[in-house]
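Close look at the chain arrangement
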Amino acid sequence: MEGPLGGRACPGQKPTKQKENLPDGDSRDPGSQRSAYCIKVKGVVQGVGFRPFVHNLATSLELSGFVLNSTEGVLIHVEGAPPARLDSFIKRFSHELPPLASIECLETLQVEPQGYQEFTIRESFWAGGGYVLVSPDIALCPDCLREMEDTADRRYDYPFINCTNCGPRYTIIKNIPYDRPETTMAAFPMCSRCRAEYLDPTNRRFHAQPISCPWCGPTVWLVASKESWNPEWAEIRGIIPALDKARSLLKQGRILALKGLGGFHIACDATNEAAVRRLREVKRRNNKPLAVMCKDLQTASKFALVGPQEAALLTGSKSPICLLPKREGTSAICGLVAPGNKCLGVMLPYTPLHRLLFREGLEVLVMTSGNWSEEPIAAENQEALHQLDPLVDAFLLHDRDIHVRLDDSVVKVCSWGRAGCTKGQRFCAFSH
Ligand SMILES: [Zn+2]
Ligand SMILES: [Zn+2]
């Protein structure tokens, strides 16, 4: 931002002609005097519904201007009258942030009003250099879960459902600012219905960059591994048939490679001793504990002691693996999952795809990183098909590319009640 105070304009701002009859400078009516602010925000402000939030707040106060993502954070130009309305904007702006947003640094500068007629979300502004914190991926939110389970909803059973408050972020970003053309979702042009939602400020998918639906978004398919090739599941196309087959193979004790959010998992039924033993053999993991994914919190409580803090972490937006004390006695999870260990690494289904796997009786799956010991987690389909073939019976693949691979985070709530991140990254915000 250059220029003297009061005369400067926000970067990316095209100066426009002042409105003909603006009450600017009208001393007879100071209450209607138009004023303007340029606000520069740094923090976790991209991919968290920040621009829609700013747009809706400004519009509700009948203020005009624009908001845009830049390589240096989010830039806002807001103007209108009377000044009390702008004061209200600034106050509410920092008090009513979207739940996943956090501000690290905020600069507010009084600038010349430009006579904007409305408040718009502008194309992103590339200033070069700079840094920006991009939101981490966010676990499936309750609203999307409700829609995904509603047979009348057009995203019923759709494994890539997301909204402004949930879905992939960091793992699909190729470049900043965070906008669809800079994500791996650029390969999927929006259908007219998704586009209408994306452009509607009152819609909960307003400017949700990974928005998609069964008509325009990624798809899922299942293929047999060469190692244990079987004509019965050589290749199964289509979301529902592929997921049905994946579930039935898991129930039969087969080992699957599952493409997830930040990479591949290798999965098998955690209650099936033969399957877990085989997984350990092929992965050459002798006694190292394996993490499990439980159907829901209630199921997790059957196998482990879940305190209130752990419950909040497990069901929260970051959904890490929590190390929980095993529940002794009646556990259906076979002992080979975490032999000789008092704790069990537990996570809940954090993506819609994971959620859809837990149907028809599956309760708990071993979910271990899709890699050979000490190798980075596999993320590309071809890479996984090549590397993981000897380890699994089949692959459940999808065509939304993972640009940044991330392993699951592991968290343990310490005795003094604070969660410590012990491994992995899917728990923090990142600079790009
Ligand atoms: Zn959502
Ligand atoms: Zn669509």
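Please refer to the structure higher up on the page.
Below you will find a few notes about this structure. Please read all numbers here as calculations on a predicted model, not as lab measurements. Throughout, residues of each chain are indexed from 1 in the direction in which the sequence is written. Each chain is given a letter, starting from A, and each ligand a number, starting from 1, according to the order in which they appear as written. In keeping with the model being predicted, local features are shown solely for residues with a pLDDT of at least 70 and side-chain atom pairs are shown and tallied solely at 80 or more, while totals for entire chains, interfaces and linings include all residues.

This part takes up the overall build of the protein chain. Elements are defined by DSSP. Helices are runs of H or I of four residues or more, strands are runs of E of two residues or more, and each kind is numbered from the N terminus. Summing up its helical and strand segments, the protein chain has 10 helices and 18 strands in all. Backbone-placed C-beta atoms define the burial measure: a residue is buried with 20 or more other C-beta atoms within 10 Å of its own, exposed with 12 or fewer, and partly exposed in between. Within the protein chain, buried positions represent 47% of all 432 residues. Each residue gets a C-beta atom placed from its backbone, and two residues are in contact if those atoms lie within 7 Å. For the protein chain, long-range pairs separated by at least 24 residues make up 71% of all intrachain contacts whose partners lie at least 6 apart in sequence.

The next thing to look at is the pairing of strand β15 (residues 394-398). Where a strand is regular, its side chains alternate between the two sheet faces. When you tally the buried positions in β15, you get four out of five residues, the bulk of the element. Any two strands between which DSSP finds at least two bridges are classified as paired. When strand β7 (residues 220-224) meets β15, the two strands line up antiparallel, connected through five bridges. Opposite Leu 222, over in β15, you have Leu 396 as the bridge partner. Sheet topology places strand β9 (residues 256-259) next to β15; three bridges connect them, and they run parallel. Residue Ala 257 lies in a different strand from β15, and its bridge partner there is Phe 395.

Along helix α8 (residues 308-315), the residues that are buried comprise Glu 310, Leu 313 and Leu 314. In a view along the axis of α8, the buried residues occupy a sector of 95 degrees, so they form one face of it. This arc is built from the directions going out from the helix axis to the C-beta atoms.

To continue, consider the nonpolar core. Linking buried Ala, Val, Leu, Ile, Met, Phe, Trp, Tyr and Cys residues through C-beta atoms within 7 Å yields a set, and such a set is a nonpolar core. Counting residues in each nonpolar core, the largest one holds 106 residues, and the members touching the most others are Leu 256, Val 292, Val 346, Leu 365 and Val 366. Tallying contributions element by element places strand β1 (residues 35-46) first for this core, with seven residues. Bear in mind that the domain bounds are from an automatic or database domain assignment. When residues of this core are sorted by domain, at least three fall in each of domain 1 (35-133) and domain 2 (220-431). Excluding its chain neighbours within four sequence positions, the residues that come into contact with Val 366 are Ala 267, Cys 268, Ala 270, Val 276, Leu 279, Leu 290, Val 292 and Val 337. Ile 172, Ile 173, Ile 176 and Tyr 178 belong to the second largest nonpolar core, which has nine residues in total.

Across its 13 residues, helix α2 (residues 83-95) extends 19 Å between first and last C-alpha, which sits within 8% of the 18 Å expected from 1.5 Å per residue. Three or more residues of α2 are buried, namely Leu 86, Phe 89 and Phe 93. Within α2, the buried residues cover an arc of 50 degrees as seen down the axis, which keeps them to one side. Turned more than 90 degrees off the buried face of α2, the exposed positions are Ala 84, Asp 87, Lys 91 and His 95. Against β1, α1 (50-60) and β3 (73-80) lie the buried residues of α2. Take the number of residues in a helix, subtract one, and multiply by 1.5 Å to get its expected span.

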